[in-house]
Amino acid sequence: MTKAQSNTMWGGRFDEKPDDIMEQINASIDIDKRLYKQDIAGSKAHAAMLAAQGIISDEDKAAIHKGLDQILGEIESGAFEFRRDLEDIHMNIESRLKELIGDAAGRLHTARSRNDQVATDFRLWVREACDAICERIEVFQETIDILEEQHADTIMPGFTHLQVAQPVTLARHLEAYACMLNRDKLRFIDCKDRLNKSPLGCAALAGTGFPIDREMTAKELGFDRPVNNTMDGVSARDFANEFLFCCAQAGLHLSRLAEEIILWSTPQFGFVSLSDAWSTGSSIMPQKKNPDAAELIRGKTGRLTGNLVQLMTVMKALPLTYNKDLQEDKEPVFDSFDTIILCLDAMNGMVASANWNTDKMLAAAQSGYSTATELADWLVRELGMPFRDAHHITGRVVKIAVTMGLRLDQLSLDDLQSVEPRITEGIFDYLSVETAVKMRK
């Protein structure tokens, strides 16, 4: 083999070109080409800093910036040719830059390694991803806010153990998910805050002997400041793990709501009817209307959790600093971002267009003896009874109602007094689901 046939990036050390399989396993361009905007932004900031520090000329900086702007246009127009033999987005852009501006392109990599370059690009991408997800969460929160206003007085059963527990409103039930979403949003904001430190200037691992200005590049790229330690800067991926956890946790919350929608849309519940636009049919059963959007959201939660476990497993035993294992960091992050965005959009569309069967909800709340706690509380308030005694007496009353096939508010005063003679007519003011809801602020 001649050196002309060796790898163009390190041909001075290697005489043979990589094996085809080695090239295939080593290349990441199919995945990391999504970093093109971040890579170009980082390179422009680095070139500007090099010129400001007198490390490269202003003419070289101008040529580099012009060439990078042209490459950005080519990529966004679809005219750019991504080459697998160039491995990754960094070398694809650098190779094209050399075609455009010649030797000046080779000076761009002064005082920089692909190690700090990819770490910078990745943090920039995840930072933008956090913002995009927060925007989608806020859209869904607005949908829930509208539904809360519409259903402030819509009574439904609240459940524990999936058994009717106490009456609540649909607004309160949905508000629980709004609270979960808000915590999800805060997690992404916190994740963005923690990752917003610049690794640019860490070079391979030990920094560089050139008189660079890390504060300048950090400010140019919108980072709060440079990372504290160069070895940590090139090898840390906890920000990616944190992002994956945020996605997985948000997915878990969406999955819980999806599960309830699936249950509520069954004829047995009948609380909600999903729009045709968010349902599917059956290939054999003409009557079916399946909540497939909700089921898919529920199913994709496993994907989000799996991506988190995948990267945590990659990271669990890596010595400092950069190892090629880290090439596996971007695919799960990109996939989780795409997945959580899709799930948020689908959930928002499905919930916003759903029809809520308020009569069915009210009837369900009135069944299952959901006001039993009100009877026990009345015994405590009006008769001064210890709650445990009141609980026992109420249980006996419920047993009578079950035997007679009646609701608690359908029992007669004699029925109630057969268990506790001191019960008065006033108890009936507290046995309706409407009163039970009003009693709880």
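Now for a quick tour of the structure. Keep in mind that this is a model prediction, so the values were computed, not measured.

Across its full length, the protein holds 18 helices and 6 strands. Here the C-alpha atoms of the protein give a radius of gyration of 31 Å, more than 25% beyond the 22 Å that 2.2 N^0.38 yields for 441 residues. For the protein, the C-alpha atoms occupy an extent of roughly 100 × 55 × 40 Å along the three principal directions. Taking all 441 residues of the protein together, 48% fall into the buried category. Within the structure as shown, the protein displays about 21500 Å² of accessible surface, and the carbon and sulfur contribution to it stands at 51%. Here the protein contributes 49 positively and 67 negatively charged side chains, and the mean placements of these two sets differ by 2 Å.

The full count for this structure, using the stated rule, is 10 aromatic pairs. Where F269 meets F271, the ring centres are 5.3 Å apart and the plane angle is 85°; that geometry is what we call edge-to-face. Given a relative accessible area of 1%, F271 falls into the buried group. Every member of this aromatic cluster is reached through a ring pair, and the members are F122, W125, F239, F334 and F337. Lying across the ring of F334, R34 places its NZ or CZ 4.9 Å from the centre. Just above the ring of F122 sits the side chain of K330; from NZ or CZ to the centre is 5.5 Å.

Given a rise of 1.5 Å per residue, 17 residues ought to cover 24 Å, and the 24 Å separating the end C-alpha atoms of helix 3 (residues 36-52) matches this to within 8%. Within helix 3, 13 of the 17 residues are buried, which leaves the element mostly enclosed by the surrounding structure. Two residues or fewer after helix 3 comes G54, characterised by a positive phi angle close to 75°.

Okay, the packing of helix 11 (residues 238-264) against helix 12 (residues 292-315) next. Two elements in contact, helix 11 and helix 12, have axes separated by 8 Å at closest approach and are oriented at 160°. Between helix 11 and helix 12, the angle falls in the class roughly antiparallel. Read as a crossing pair, helix 11 and helix 12 show a hand that is left-handed. Class assignment for the residues of the contact of helix 11 with helix 12 results in 17 nonpolar, 6 polar and 3 charged.

Looking now at the nonpolar core. Residues I133, F188, F243 and M347 are the most contacted members of the largest nonpolar core, which totals 85 residues. Broken down by element, the residue count for this core peaks at 14 residues, all from helix 11. In this structure M347 touches F140, L254, L257, A258, I261 and I297, once residues within four positions along its chain are discounted. Counting 19 residues, the second largest nonpolar core, distinct from the first, contains A372, W378, A401 and V419.

As a further point, take a negative patch on the surface. Taken together, the side chains of E142, D145, E149 and E175 present a region of like negative charge at the surface. Top contributing element to the negative patch by residue count: helix 7 (residues 114-150), with 3 residues. In this fold, E175 is placed in helix 8 (residues 170-195).

Here T154 shows up in the loop between helix 7 and strand 1 (155-160). Residue classification places T154 among the buried positions, given a relative accessible area of 10%. Here H151 takes part through its side chain, which lies 2.9 Å from a polar atom of the side chain of T154.

Here we come to unusual backbone geometry. Note that the residue after L320, namely T321, is joined by a cis bond; omega there is 5°. With respect to the helices and strands, T321 occurs in the loop between helix 12 and helix 13 (330-352). A positive phi is found at Y369, a non-glycine position, where the angle reads about 55°. With respect to the helices, strands and loops of the structure, Y369 is situated in the loop between helix 14 (358-366) and helix 15 (372-383).

Thresholds applied
Residues numbered from 1 in each chain as written. Predicted model: local features only at pLDDT ≥ 70, side-chain atom pairs only at ≥ 80, totals over all residues. Heavy atoms only, no water. Helix = DSSP H or I, 4+ residues; strand = E, 2+ residues; numbered from the N terminus. Rg over C-alpha atoms; globule rule 2.2 N^0.38 Å. Buried < 20%, exposed > 50% of the residue type's maximum accessible area, 1.4 Å probe, protein only. Areas by Shrake-Rupley, 256 points an atom, 1.4 Å probe, with all protein chains shown as cover. Lys, Arg positive; Asp, Glu negative; His and termini not counted. Charge placed at Lys NZ, Arg CZ, Asp CG, Glu CD. Phe/Tyr/Trp six-rings, centres within 6.5 Å; stacked < 30°, edge-to-face > 60°. Lys NZ or Arg CZ within 6 Å of the ring centre and 35° of its normal. Expected span 1.5 Å × (residues − 1). Axes fitted to C-alpha atoms, helices over the stretch in contact; angles between N-to-C directions. Parallel < 35°, antiparallel > 145°, perpendicular 65-115°, else oblique. Left-handed = near helix turned anticlockwise from the far one by under 90°. Nonpolar A, V, L, I, M, F, W, Y, C, P; charged D, E, K, R; others polar. Core = buried A, V, L, I, M, F, W, Y, C linked by side-chain atoms within 4.5 Å. Contact = heavy atoms within 4.5 Å. Patch = residues over 30% accessible without salt bridge, like charges linked within 9 Å, V, L, I, M, F, W, Y side chains within 5 Å. Salt bridge = Lys/Arg side-chain N within 4 Å of Asp/Glu carboxyl O. Polar contact = N/O pair within 3.5 Å; in protein donor to acceptor, adjacent residues only side chain to side chain.

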